[in-house]
Amino acid sequence: MTLALRLAFRELRRGGGRGWWLMLACLALGVGAIAAVGAVRAGVAAGLAADGRRILGGDIEVAAGAEPVPAEVADWLRARGATLSEVVRLRSLLVAPSGARALVELKAVDGAWPLVGAATLAPPQPLADALAPRDGRFGLLVEPAVLDRLGVAVGARLKLGEAEFDLRGVLVDEPDRVGSSGLFGPRVLISTAALAATGLIQPGSLDDHALRATLPAAPAGLAAELRARFAALGLRIRDAGDAAPELARFLDRIALFLALAGLTTLLMGGIGVANGVRAWIEARARSVAILRCLGASNRLIFAVSATEIAALALAGILAGLAIGAVAPFALAGVVRAALGVAMPGGIRFGPLALAGLYGTLTAAAFALWPLARGLKIPGAALFRDDVLPATVWPGARVAAATAGLGLALAGLTLAATADRRLALWFCLAVPGAFLLLRAGAVALMRLARLGRFAASPALRLGLANLYRPGAASPVILLSLGLGLSTLATVALIAANLRRDIVAEMPAHAPSLFFIDIQPDQRARFHAIIQAELPSGAVEEVPNLRARIVAIGGVPVSKITPRPDVAWVLRGDRGLTYAAAAPAKTRLVAGPWWPADYAGPPLLSFDADIAAGLGLHLGDSVTLSVLGRQIDFRVANLRAIDWSSLDLNFVMVASPAPLTHAPHSFIAALHAPPASEGRLLRAVTDALPNVTGIPLAEVLRSVAALLARIDAALLATGGLTLITGALVLAGAIAAGQRRRRQEAVILKVLGASQAQIIVAWLAEFGSLGLAAGVIAAVIGTGASYGVLRFILDVDFVFLPGALALPLFGAVGLILLLGASALAAALGGRPGPFLRND
């Protein structure tokens, strides 16, 4: 090993590392992508943990849903020295003097808010003064977006429900804003003392009550103690360590997709490593053959070669780790602006170590086979291997080691990924993509043989280049096809989601929803709709708020649901009742109860969610409804199409005993776009406590959120394509000597420059078209799997979304091929023929 190390580093000092920059760049990009995603996610997690009290709004939060937190909970906390603050959230319409309306997320706070941190107002003023009553009207604060939407300024008089407010200022920042999506509009802040005057809080209204507490010294187990003490109430209790769970789950899912895309980039870098090793063997074939003829052992030659390749791979991995280490510092401002989370300084060694391990396994897995193969070729064959490649089996041990490295890489992916199901699909899909691209290369080479019947000699030559000995067609298709497949997958997923939200949903979903309609307001509500839109059909259902507290007698805190349905157990859910099966109901198990049923409470459950919770027909579900716990028995299961945006509920109950509980109604109707504004004004002017929700406005917010997510995913897909371009450039550069030699010979034999260009177009155009088509097939299959089995969204093949990958493949390969051709055509035949 001493001799091997000395020889390896001597060659590196003498320029043995020249030509490896493409491999280094590929590894650096792949490792850097994984390290950066992991480091930023770890930084956000550290920021959430370090600033959890501010984000949560206290040491602990107790959420009770539609009902105020019971007094005994507040008394229990006060007995331990807690300072309390009550917060109520709901949605409403803010009305300007002009009659313009804006859907807003209303937040009512008491005088103790915020317990941690401070709100930033413009113009600067004490929060208590901004919200206090003056001249018989309370104050109100809004986010900047409200000023533009309503065309108002500070000092305007606005209406919220039945009460008028003075707009006292702009809410620039609030300490507990983190994690709110803003899908239902910008934030509006009022005092809880003003909430009663609005008339928005009614029996069954869609409001959320929370109690925050700070303690002089909050014990570590306070949340667990509180859950155990008041388990029967079914409260949602969080502490500072779980300040923004929705944001954390959202970031975990985005980080997962980005990390898998980064791993795809790294695997493409592995192809670059394999190409680099093959080029290294070819460039040193004469030296290796001479050493072997002079008696050097295979072990020595292998040790020298492996040491040099390992040193160069280490340089690429370290460059990628440097990218990952710098990423949190470079993106700190962006993260702070987008999420409201400040990432603490420092290097995240855990994600860097994971990325380094990924890079090491990938480099070793892709380098071992071509290195062992090249060093197994007999000395005499090495001299002619570039003309007539030898078919050499590197040995069972090398094959087993390569397979072991591949399995280790897959195992690391499964172990390091929270969503094992998605990671498993990825681990199965990548080898499948490799096999499909390899099969595509074989098919293309066989089809190219038919080109020998072409009339044009230039066309025959170009197609023959695809299957000649040592042709780079398989490598080029692998390097370009994998990157394009990633881009095609992301493009199709994004296009399908945009199609559903922007085009399909508005076309068949109700255009307006009205919530918090009280039972004594129903007749007037329908009269207004009939007067304004005589042909309008209104769908109306009763609405209650309920929380699942136990399934089969087991508290939900001890249940581990399927990750994609866990949201059902968090907080309140909508609950309705019906004597007859609602329209469009599709039962998949169990019958509907009789219309006159008056026995023990029954429940109809969404079939997919029931499967995720382990629910079956006949199981009991305990719901907390208005603070009262009721045991229901699952009578039937329904298949629900949530994308229709109809009035669907996870749970539908038999009428008794809910008909006598205080509740409101929700209504949905289809209205022409020109009538929506008029209907909204008519209903909310007559019934101020009723909130109208225009679907188009909500979908625009969802589309804006998706656009930001798409940008991140497409950027990562673009990085994969850049890596593919580098690998492609390396594959083309590896054959540049042969291409220059062919160009010289063709010139000497009388071929014109136009004929050589035609041959080049036939060769590279065919490769680009094949790569684009195969990428489209892989991208279609992968996007179908993600949309149908992970996101539960219908898939539609959208060829327009594949235009960029397809034309990008042809354009990229022609561009790189043109640069190689220009270099080949620029050489003078004389010096080449004399010296080669």
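Read on for a plain summary of the structure.

1. Things to note about the pattern of salt bridges
Any two side chains of opposite charge can pair, on the condition that their charged atoms come close.
Turning to step 1, where the next piece is worked out: Evaluation of the coordinates by the stated rule reveals 19 salt bridges.
Turning to step 2, where the next piece is worked out: In this structure, Arg53 and Asp59 form a salt bridge, with 2.5 Å as the shortest nitrogen-oxygen distance.
Turning to step 3, where the next piece is worked out: A residue is classified by how much of its surface remains accessible, and Arg53, at 37% relative accessible area, is partly exposed.
Turning to step 4, where the next piece is worked out: The exposure class assigned to Asp59 is buried, which follows from its relative accessible area of 12%.
Turning to step 5, where the next piece is worked out: With its nearest N and O atoms 2.2 Å apart, the salt bridge here joins Asp685 to Arg101. Of the two residues, Asp685 is situated in helix H20 (residues 673-686) and Arg101 in strand E3 (residues 101-109); the sequence distance between them amounts to 584 residues.
Turning to step 6, where the next piece is worked out: A residue is classified by how much of its surface remains accessible, and Arg101, at 17% relative accessible area, is buried.
Turning to step 7, where the next piece is worked out: A network of salt bridges, in which partner residues are shared, links Glu61, Arg89, Glu105, Lys107, Glu174, Asp176, Arg187, Arg212 and Arg238.

2. Description of the pairing of strand E7 (residues 163-173)
Turning to step 1, where the next piece is worked out: Here E7 lies mainly inside the structure; 8 of its 11 residues are buried.
Turning to step 2, where the next piece is worked out: Of the strand pairs in this sheet, strand E6 (residues 157-160) and E7 are connected by 4 bridges, and their pairing is antiparallel. Counterpart to Leu158 in the pairing with E7 is Phe165.
Turning to step 3, where the next piece is worked out: Adjacent in sequence and paired antiparallel, E6 and E7 are bridged by 2 residues, among which Gly161 carries a positive phi angle near 65°.

3. Remarks on the environment of Ala372
Turning to step 1, where the next piece is worked out: Within the fold, Ala372 resides in helix H12 (residues 349-376).
Turning to step 2, where the next piece is worked out: Measuring from C-alpha to C-alpha, the distance between Ala372 and Ala399 comes to 9.6 Å, with 27 residues separating the pair along the chain.
Turning to step 3, where the next piece is worked out: Not counting the four nearest positions on each side in its chain, Ala372 is found in contact with Phe302, Pro394 and Val398.

4. Here we look at the pairing of strand E5 (residues 138-142)
Turning to step 1, where the next piece is worked out: Of all 5 residues that make up E5, 5 are buried, and the element is covered over most of its length.
Turning to step 2, where the next piece is worked out: Across the two faces of E5 the burial is the same, with Phe138, Leu140 and Val142 and Gly139 and Leu141 all buried.
Turning to step 3, where the next piece is worked out: Where E5 lies against E7, 5 bridges are found, and the strand directions are parallel. Within E7, the residue paired with Phe138 across the bridge is Phe165.
Turning to step 4, where the next piece is worked out: Here E5 pairs with strand E8 (residues 187-191) via 2 bridges, running antiparallel. Each residue of the ladder has a partner; that of Leu141, found in E8, is Leu189.

Cut-offs applied
- Residues numbered from 1 in each chain as written.
- Predicted model: local features only at pLDDT ≥ 70, side-chain atom pairs only at ≥ 80, totals over all residues.
- Heavy atoms only, no water.
- Salt bridge = Lys/Arg side-chain N within 4 Å of Asp/Glu carboxyl O.
- Buried < 20%, exposed > 50% of the residue type's maximum accessible area, 1.4 Å probe, protein only.
- Helix = DSSP H or I, 4+ residues; strand = E, 2+ residues; numbered from the N terminus.
- Pairing = 2+ DSSP bridges.
- Contact = heavy atoms within 4.5 Å.

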